[in-house]
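# Close look at the chain arrangement
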Amino acid sequence: MRILALALAAGLALTAVQAASAQTRVQPLQPTPPAPTLQKKAPAPAKPDFVILHAGAVGGSNNQFMIQVKNDGPADSPSAFLRNRNKAPGNVGVALTAVPAIKAGQFVWVKAELNKPARPGDRILVEADYNKAIVETKEHNNNYAFNW
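Summary of the structure given here. (Residues numbered from 1 in each chain as written. Predicted model: local features only at pLDDT ≥ 70, side-chain atom pairs only at ≥ 80, totals over all residues. Heavy atoms only, no water.)

## Section: the sheet that holds strand β5 (residues 107-113)
Read from one edge to the other, the open sheet built from three strands follows the order β1-β2-β5, with strand pairing classed as antiparallel. The open sheet is flanked by β1 (50-57) and β5, the only strands paired with a single partner. Within this sheet the neighbouring strands show an average axis-to-axis angle of 25°, counted without direction. (Pairing = 2+ DSSP bridges. Helix = DSSP H or I, 4+ residues; strand = E, 2+ residues; numbered from the N terminus. Axes fitted to C-alpha atoms, helices over the stretch in contact; angles between N-to-C directions.)

Structure below.
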């Protein structure tokens, strides 16, 4: 009887192993997702960057002044415009001044002329590329102000 019980237990064990093996074969394999790949971004195109280094009145004049404009960006700049405004209450004067193309890292001096004479103490605001016609590396550094 003992042999019969052992044989029966062995048969059950063999059947369980076969069933487990069959169940493993029947199940489809789960696909493994591809590993993430790092894609390199193309470098951003180089852009110019207008910075006004200095501005000041031309001696003896009440409406002319000189402006030093630098292209601080890594790319050459096309020509642009400066807007110059006298911010003094009751004496608003305006001028648009053309700035020639500037090579990267270089500067130019341009002469501006307000349409109204300035008085001593008037606050003059100079804005490079005031109409945002040129995409620059930094747009927040285009202003310069000085007192006449």
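From this point, the narrative continues.
## Focus: the nonpolar core
Counting 22 residues, the largest nonpolar core has Phe65, Ile67, Val69, Leu82, Ile124 and Val126 as its most contacted members. At the level of elements, β1, β2 (64-71), β3 (80-86), β4 (94-99), β5 and β6 (123-128) are the ones that each hand at least two residues to this core. Discounting chain neighbours no more than four positions away, the residues touching Phe65 are Gly56, Ala57, Val58, Asn84, Val110, Lys111, Ala112, Leu114, Ile124, Val126, Phe146 and Trp148. (Core = buried A, V, L, I, M, F, W, Y, C linked by side-chain atoms within 4.5 Å. Buried < 20%, exposed > 50% of the residue type's maximum accessible area, 1.4 Å probe, protein only. Contact = heavy atoms within 4.5 Å.)

## Overview of a nonpolar patch on the surface
Together, Leu53, Phe107 and Trp109 make up an exposed nonpolar region whose accessible area comes to about 300 Å². Residue placement: Leu53 occurs in strand β1. The exposure class of Leu53 is partly exposed, given its relative accessible area of 38%. (Patch = residues over 30% accessible without salt bridge, like charges linked within 9 Å, V, L, I, M, F, W, Y side chains within 5 Å. Areas by Shrake-Rupley, 256 points an atom, 1.4 Å probe, with all protein chains shown as cover. Salt bridge = Lys/Arg side-chain N within 4 Å of Asp/Glu carboxyl O.)

## Some details on the sheet that holds β4
If you trace the four strands from one edge of the open sheet to the other, you get β4-β3-β6-β7, paired in antiparallel fashion. Each edge of the open sheet is held by one strand with a lone partner, namely β4 and β7 (143-147). On average, each strand axis in the sheet is inclined to that of its neighbour by 20°, with strand direction left out of account.

## Examining the pairing of β5
Burial of β5 is one-sided: the residues Val108, Val110 and Ala112 facing one way are buried, the residues Phe107, Trp109, Lys111 and Glu113 facing the other way are not. Two strands pair when backbone bridges link them, and β2 and β5 are joined in this way by seven bridges, in the antiparallel orientation. Along β5, the bridge assignment pairs Ile67 with Val110.

## Looking at the packing of aromatic side chains
In total, this model carries three aromatic pairs according to the counting rule given. Consider the rings of Phe65 and Trp148, whose centres lie 6.0 Å apart with planes at 90°: the pair is edge-to-face. Placement of Phe65 in strand β2 and of Trp148 in the segment after β7 is noted, with a sequence separation of 83 residues between them. In this pair, the class of Phe65 matches that of Trp148, namely buried. Three or more aromatic residues link up through ring pairs in this structure, and these residues are Phe65, Phe146 and Trp148. (Phe/Tyr/Trp six-rings, centres within 6.5 Å; stacked < 30°, edge-to-face > 60°.)

## Some thoughts on the pattern of salt bridges
Following the criterion strictly, the structure yields four salt bridges and no others. In this structure, the salt-bridge partner of Glu127 is Arg83, at a minimum N-O distance of 3.0 Å. Of this pair, Glu127 sits in strand β6 while Arg83 sits in strand β3, and the two are 44 residues apart along the sequence. Arg83 gets classed as partly exposed once you look at its relative accessible area, which sits at 24%. Among the salt bridges present, the one from Arg119 reaches Asp122, with a minimum N-O distance of 3.8 Å. The exposure class assigned to Asp122 is buried, which follows from its relative accessible area of 5%. Where salt bridges share partners, they join Arg83, Arg85 and Glu127 into one cluster.

## Section: the side chain of Gln68
By secondary structure assignment, the location of Gln68 is in strand β2. Taking the relative accessible area as the measure of exposure, Gln68 reaches 12% and is therefore buried. Here Gln68 is in contact with Val51, Ile52, Leu53, His54, Phe107, Val108 and Trp109, once residues within four sequence places are set aside.

Read these as geometric descriptors, not functional statements.
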